[in-house]
Amino acid sequence: MFRGKTFSLVLPAFNEESNIKKNILSFQQTEIFDEIIVVDNNSTDNTASEIKETNAYYVKETIQGYGAALRKGMGIAKSNYIVICEPDSTFKANDIYKFLSYLEEFECIFGTRTTKSLINDNAKMQFYLRIGNILVAKILEYLFFGPTLSDVGCTFKLISKKSYDSIKNNLKVIGSEFQPELMINLILKKKKILEIPVNYLEREGKSKITYNFISSFKLALKMLFLIFYLRIKSLF
């Protein structure tokens with residue numbers, strides 16, 4: 001709890017046995033979260049048992065997909081605010097305090113991983129990933145007259161429960177392009193949104209989404225298709 005408000009953390013997990021427990025504990029140590037919900041998205045390793053060794057609330061989502069896992073967790077969150085993140089050690093749990101400093105002014109706060117000075121030397125943010133995230137974010141920003149955006153794929157976000165409840169029935173994406181759908185729907189609802197820079201660190205384990213240039217390019221195309229589709233849809 002912070003300033004009388006409650007906070008839920010939602011972490012999607014797929015084969016994260018080597019680092020899931022450590023990441024759960026790092027967020028617990030901030031003493032901000034009233035509940036931590038970890039959504040096991042059909043892991044085939046020991047992710048489930050690692051989660052159950054913590055105080056986190058274990059949830060299983062059988063529909064395969066990053067978007068499906070996040071929607072499952074966000075849908076059952078009970079707090080005033082929902083925080084989403086990745087349990088792969090790429091983010092610093094203590095960066096949550098940056099988000100909290102803007103709570104009085106904004107309903108939704110998005111992290112960005114594209115600030116050069118906050119990107120760890122070993123982080124998976126090659127030139128093409130950084131520029132790609134910025135370009136797609138700018139397209140989204142200008143097409144939807146949104147706030148200043150520089151990262152279309154950052155998973156570290158804080159969203160008021162009221163804001164999420166106002167858009168949850170419009171969310172359809174179950175795959176990796178979920179983030180722009182979430183962002184666009186919040187913009188269309190005219191929520192007060194701010195993007196802030198967060199630390200981006202070396203990932204533990206192998207990336208399952210942007211593991212090389214081709215996979216990253218395919219995801220960018222999916223995001224662009226979704227962005228243009230939702231823009232056209234919003235006009236009618």
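Use the structure listed above.
Computed from a predicted model, the values in this text were never measured in an experiment.

Colleague: Run through the overall build of the protein chain, naming residues and quoting values.
Modeller: A count of helical and extended segments in the protein chain gives eight helices and seven strands. Counting only C-alpha atoms and orienting by the principal axes, one finds that the protein chain spans roughly 50 × 40 × 35 Å. Classification of the 236 residues of the protein chain by burial places 53% in the buried group. Of the contacts made within the protein chain by residues no fewer than 6 positions apart, 77% connect residues no fewer than 24 positions apart. Accessible surface for the protein chain amounts to roughly 11200 Å². Of this, 54% is attributable to carbon and sulfur atoms. Looking at the protein chain, you have 32 positive and 25 negative side-chain charges, and the mean spots of the two groups are 7 Å apart.

Colleague: Summarise the nonpolar core; cite the residues concerned and give the values.
Modeller: One finds Val10, Met74, Leu140, Tyr164, Leu182 and Leu186 to be the most contacted residues of the largest nonpolar core, which totals 36 residues. For this core, the secondary structure elements donating two or more residues are β2 (35–40), α3 (66–76), β4 (81–84), β5 (108–112), α5 (127–143), α6 (161–167), α7 (178–188) and α8 (213–234). What Leu140 contacts, discounting residues up to four positions off in sequence, is Leu149, Val152, Pro180, Ile184, Ile187 and Ile227. In this structure, Leu11, Phe33, Ile51 and Leu103 belong to the second largest nonpolar core, which totals 34 residues.

Colleague: Any details on the sheet that holds strand β7 (residues 193–197)? Residues and values, ideally.
Modeller: Pairing in this open sheet of seven strands is mixed, and the strands run β3-β2-β1-β4-β6-β5-β7 from one edge to the other. Both edges of this open sheet fall to β3 (57–60) and β7, since each of them pairs with a single strand only. Pairwise comparison of adjacent strand axes, ignoring direction, gives a mean angle of 20° for this sheet. As paired elements, β5 and strand β6 (residues 157–160) share three bridges and run antiparallel to each other.

Colleague: Describe the pairing of strand β1 (residues 7–13), with residues and values.
Modeller: β1 sits mainly inside the fold: seven of its seven residues count as buried. What you see with β1 is no split at all: Phe7, Leu9, Leu11 and Ala13 on one side and Ser8, Val10 and Pro12 on the other are buried throughout. Where β1 lies against β2, six bridges are found, and the strand directions are parallel. Note that in β2 the partner of Leu9 across the bridge is Ile36.

Colleague: Help me get a handle on α8, residues and values and all.
Modeller: Given a rise of 1.5 Å per residue, 22 residues ought to cover 32 Å, and the 31 Å separating the end C-alpha atoms of α8 matches this to within 8%. Buried residues along α8 sit in contact with α5 and α7.

Colleague: Break down the side chain of Arg203 for me, with residues and values.
Modeller: Position of Arg203 relative to the elements: it lies in the loop between β7 and α8. At 3.0 Å, the side chain of Arg203 forms a polar contact with the side chain of Glu16.

Colleague: Can you lay out the packing of α7 against α8 for me, pointing to particular residues and giving the numbers?
Modeller: Following both chains from N to C, one finds α7 and α8 inclined at 25°, their axes separated by 10 Å at the closest point. On the basis of their axis angle, the class for α7 and α8 is roughly parallel. α8 is crossed by α7, and the crossing has right-handed handedness. Facing Pro180, Glu181, Ile184 and Leu188 of α7, the residues of α8 in contact are Met223, Leu226, Ile227, Leu230 and Ser234. Its residues assigned to classes, the contact of α7 with α8 shows seven nonpolar, one polar and one charged.

Colleague: Mind laying out the pairing of β2, listing which residues take part and the relevant values?
Modeller: Counted residue by residue, β2 has six buried out of six residues, so it is predominantly covered. Residue alternation in β2 divides its side chains into two sets, Glu35, Ile37 and Val39 and Ile36, Val38 and Asp40, and both sets are buried. For the crossover that starts at β1, traverses helix α1 (residues 20–28) and ends in the parallel β2, the hand is right-handed. By the bridge criterion, four bridges tie β2 to β3 in an arrangement that is parallel.

Definitions and limits used
Residues numbered from 1 in each chain as written. Predicted model: local features only at pLDDT ≥ 70, side-chain atom pairs only at ≥ 80, totals over all residues. Heavy atoms only, no water. Helix = DSSP H or I, 4+ residues; strand = E, 2+ residues; numbered from the N terminus. Buried < 20%, exposed > 50% of the residue type's maximum accessible area, 1.4 Å probe, protein only. Contact = heavy atoms within 4.5 Å. Areas by Shrake-Rupley, 256 points an atom, 1.4 Å probe, with all protein chains shown as cover. Lys, Arg positive; Asp, Glu negative; His and termini not counted. Charge placed at Lys NZ, Arg CZ, Asp CG, Glu CD. Core = buried A, V, L, I, M, F, W, Y, C linked by side-chain atoms within 4.5 Å. Pairing = 2+ DSSP bridges. Axes fitted to C-alpha atoms, helices over the stretch in contact; angles between N-to-C directions. Expected span 1.5 Å × (residues − 1). Polar contact = N/O pair within 3.5 Å; in protein donor to acceptor, adjacent residues only side chain to side chain. Parallel < 35°, antiparallel > 145°, perpendicular 65-115°, else oblique. Left-handed = near helix turned anticlockwise from the far one by under 90°. Nonpolar A, V, L, I, M, F, W, Y, C, P; charged D, E, K, R; others polar. Right-handed = clockwise from strand over helix to strand, strands pointing away.

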